[in-house]
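Residue strings, one per chain:
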Amino acid sequence: DDVVPFRGAVQAGIVTPVQDRMHFAAFDVTTDSREELVALLRKWTAMAERMTAGKQATEGGAVDAGEYRPPDDTGEALDLDACRLTLTIGFGPSLFVGADGKDRFGIAGLRPQRLTDLPKFTGDALDPARSGGDICIQACADDPQVAVHAIRNLARVGFGTVAVKWSQLGFGRTSSTSTSQSTPRNLFGFKDGTRNIKAEDPAAVSEFVWAAPIDDQAWMAGGSYLVARRIRMLIEPWDRTVLHEQERVIGRSKGSGAPLGGRDEFDPLELEAKGAGGKPVIDTDSHVRLASAEELGGIQILRRGYNFTDGSDGFGHLDAGLFFIAYCRDPQTQFVPMQQSLARNDALNEYIKHVGSAVFAVPPGVGDAGYWGSTLF
Ligand code: HEM
């Protein structure tokens with residue numbers, strides 16, 4: 001079955017087994033009117049419910065709304081199935097309190113404390129034009145045209161209320177969120193997502209992904225927080241690096257994905273193991289060691305990122321990397337300390353650069369009768 005149910009207690013697109021493609025868009029709200037914003041969220045919800053079911057964006061669709069008006073649906077997904085499309089919405093800190101300190105929509109008092117802009121991390125080279133946003137929509141599907149069609153139609157009806165601030169296309173999921181999926185590879189050629197939180201582990205999901213009623217703001221119960229980082233991967237220097245060094249940097253074997261010192265992909269990380277000369281087998285500055293729950297006082301996150309390649313950068317280098325997406329119950333105590341540790345010490349930093357960043361509160365699912373954000377407004 002290629003339809004992922006849209007309605008539910010939690011939003012689809014988080015623990016849903018990761019689809020192959022993504023189109024992610026961040027919007028700025030261009031109106032000061034709460035009514036207009038709520039009207040758009042209601043309209044978006046109706047369209048999202050239709051499109052995720054494989055239908056056209058609206059009843060009138062691409063060809064049935066009359067010859068003398070622009071079609072209601074842009075049409076490029078007409079002959080395509082739902083392709084497991086999920087649409088997931090999130091609200092940025094600036095929706096609650098604008099840069100000018102204004103509370104445009106009367107929701108400043110409802111901003112979760114854990115929804116604040118991320119601190120600057122060592123080595124950040126953030127482009128403001130690829131960062132932030134009042135609202136985000138993550139579209140994931142197994143067909144890129146279906147994901148792009150969804151974002152395009154939502155952006156189109158938002159004209160006058162929202163404007164796209166930045167967007168990112170992704171391919172080749174870089175994580176698995178279900179034990180039913182095989183582990184894909186990122187653009188450095190390594191299996192990515194081996195030790196990710198999996199939907200089949202409900203204890204980890206409820207501890208590290210879903211916001212609980214007692215956490216912060218009650219309207220966020222059953223929601224989550226999304227951290228997006230556009231991470232440029234310096235492909236050319238990496239490709240000139242010898243295999244031994246690549247594996248030392250990650251802490252795993254490139255072929256099998258096994259941790260260094262282990263044999264199979266899912267073998268445990270032996271962080272205490274010593275090799276020749278008493279040196280740790282998994283190096284002290286390797287990525288998997290520094291990102292591991294063992295080194296971080298038990299912290300975990302749900303990763304759901306995608307590879308991207310946006311052509312070349314004008315110097316003949318691929319503008320490629322990882323569009324990193326993490327879901328967590330509290331970005332301040334999960335993502336932030338993890339990224340602080342990685343930003344300071346990770347051997348991978350020689351080969352990557354964080355160029356975009358955003359954080360969003362992802363509200364709970366729309367239930368039977370709600371609309372996107374109905375617990376907030
Ligand atoms: C693990 C690659 C950025 C968090 C891994 C693995 C690879 C990898 C190959 C091993 C397989 C696995 O268990 O998934 C990369 C690359 C990155 C990147 C190429 C940048 C381009 C990040 C960032 C974070 C992160 C920014 C979070 C702040 C993790 C975590 C693990 C992991 C939590 C699992 C560690 C464990 O418990 O074994 N990454 N990663 N990664 N990565 Fe990354």
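Before going into details, it helps to say that this report is about the structure given with it.

Definitions and limits used
Residues numbered from 1 in each chain as written. Predicted model: local features only at pLDDT ≥ 70, side-chain atom pairs only at ≥ 80, totals over all residues. Heavy atoms only, no water. Helix = DSSP H or I, 4+ residues; strand = E, 2+ residues; numbered from the N terminus. Rg over C-alpha atoms; globule rule 2.2 N^0.38 Å. Buried < 20%, exposed > 50% of the residue type's maximum accessible area, 1.4 Å probe, protein only. Contact = heavy atoms within 4.5 Å. Lys, Arg positive; Asp, Glu negative; His and termini not counted. Charge placed at Lys NZ, Arg CZ, Asp CG, Glu CD. Expected span 1.5 Å × (residues − 1). Polar contact = N/O pair within 3.5 Å; in protein donor to acceptor, adjacent residues only side chain to side chain. Near = heavy atom within 4 Å. Phe/Tyr/Trp six-rings, centres within 6.5 Å; stacked < 30°, edge-to-face > 60°. Axes fitted to C-alpha atoms, helices over the stretch in contact; angles between N-to-C directions. Parallel < 35°, antiparallel > 145°, perpendicular 65-115°, else oblique. Left-handed = near helix turned anticlockwise from the far one by under 90°. Nonpolar A, V, L, I, M, F, W, Y, C, P; charged D, E, K, R; others polar. Core = buried A, V, L, I, M, F, W, Y, C linked by side-chain atoms within 4.5 Å. Donors = N, O, S within 2.8 Å, 3.2 Å for Na, K, Ca; no water.

Moving on, we get to the overall build of the protein chain. Within the protein chain, the regular secondary structure consists of 8 helices and 9 strands. Radius of gyration (C-alpha) of the protein chain: 21 Å, near the 21 Å computed for a compact globule of 377 residues. Burial analysis of the protein chain (377 residues in total) assigns 54% to the buried set. Pairs at least 24 residues apart make up 77% of the contacts formed inside the protein chain by residues separated by at least 6 positions. Measuring between centres, the 39 positive side-chain charges of the protein chain sit 3 Å from its 50 negative side-chain charges.

We now examine helix α1 (residues 34-52). A rise of 1.5 Å per residue sets the reference length of α1, with its 19 residues, at 27 Å; its end C-alpha atoms lie 26 Å apart and thus fit the reference within 8%. The set of residues buried in α1 consists of Leu37, Val38, Leu40, Leu41, Trp44, Thr45, Met47, Ala48, Met51 and Thr52. The N-cap residue of α1 is Ser33: its side-chain oxygen and the backbone nitrogen of Glu35 are 3.3 Å apart. One or two residues past the end of α1 sits Gly54, with phi positive at roughly 90 degrees.

Take the site of the ligand next. Around the ligand, a shell composed of 27 residues is seen, among which Gly193, Thr194, Arg195, His287 and Arg303 lie nearest. In this structure, an oxygen atom belonging to the ligand sits 2.5 Å away from a main-chain N or O atom of Gly193. Take Arg303: an N or O atom from its side chain is 3.0 Å from an oxygen atom of the ligand. Among the secondary structure elements, those contributing two or more residues to the shell around the ligand are β5 (224-233), α7 (287-291), β8 (318-328), α8 (335-345) and β9 (352-362).

Summed over all chains, the structure comprises 14 aromatic pairs. Centre to centre, the rings of Phe188 and Trp238 are 4.1 Å apart; their planes meet at 15 degrees, and the pair counts as stacked. A residue pair is termed long-range when its members are at least 10 positions apart, and Phe188 in the loop between β4 (162-173) and α4 (202-208) and Trp238 in helix α5 (residues 235-239) qualify at 50 residues. Just as Phe188 is buried, Trp238 falls in that class too.

Helices that pack against each other are described as a pair by the angle of their axes relative to one another and the distance between those axes. At their nearest, the axes of α1 and helix α3 (residues 144-157) sit 10 Å apart, and the two run at 155 degrees to each other. Taken together, the axes of α1 and α3 lie roughly antiparallel to each other. α1 and α3 meet at a crossing whose hand is right-handed. Here α1 contributes Leu40, Lys43, Trp44, Met47 and Met51 to the contact with α3, which in turn contributes His149, Ala150, Asn153, Leu154 and Val157. Grouping the constituent residues of the contact of α1 with α3 by class yields 7 nonpolar, 2 polar and 1 charged.

Summarising the element assignment, Val63 is placed in the loop between α1 and β2 (86-91). Each C-alpha atom, one on Val63 and one on Thr74, is 9.3 Å from the other, the two residues being 11 residues apart in sequence.

As a further point, take the nonpolar core. Among the nonpolar cores identified, the biggest contains 78 residues, and Trp44, Leu87 and Trp372 are the most heavily contacted of them. Per-element tally for this core: the top contributor is α1, with 8 residues. With residues near it in sequence (within four places) discarded, Trp44 still touches Phe27, Ile89, Ile135, Ile137, Leu154, Val157, Val162 and Trp372. In this structure, Phe24, Ala26, Tyr327 and Val362 belong to the second largest nonpolar core, which totals 25 residues.

This paragraph deals with the coordination of the iron atom of the ligand. Counting protein donors to the iron atom of the ligand gives just one, His287 (NE2), placed at 2.1 Å. Within the secondary structure layout, His287 lies in helix α7.

Residue placement: Tyr306 occurs in strand β7 (residues 306-312). In this structure the C-alpha to C-alpha distance between Tyr306 and Phe171, which are 135 residues apart in sequence, comes to 5.7 Å. A polar contact is formed between the side chain of Tyr306 and the backbone oxygen of Gln19, at a distance of 2.9 Å.

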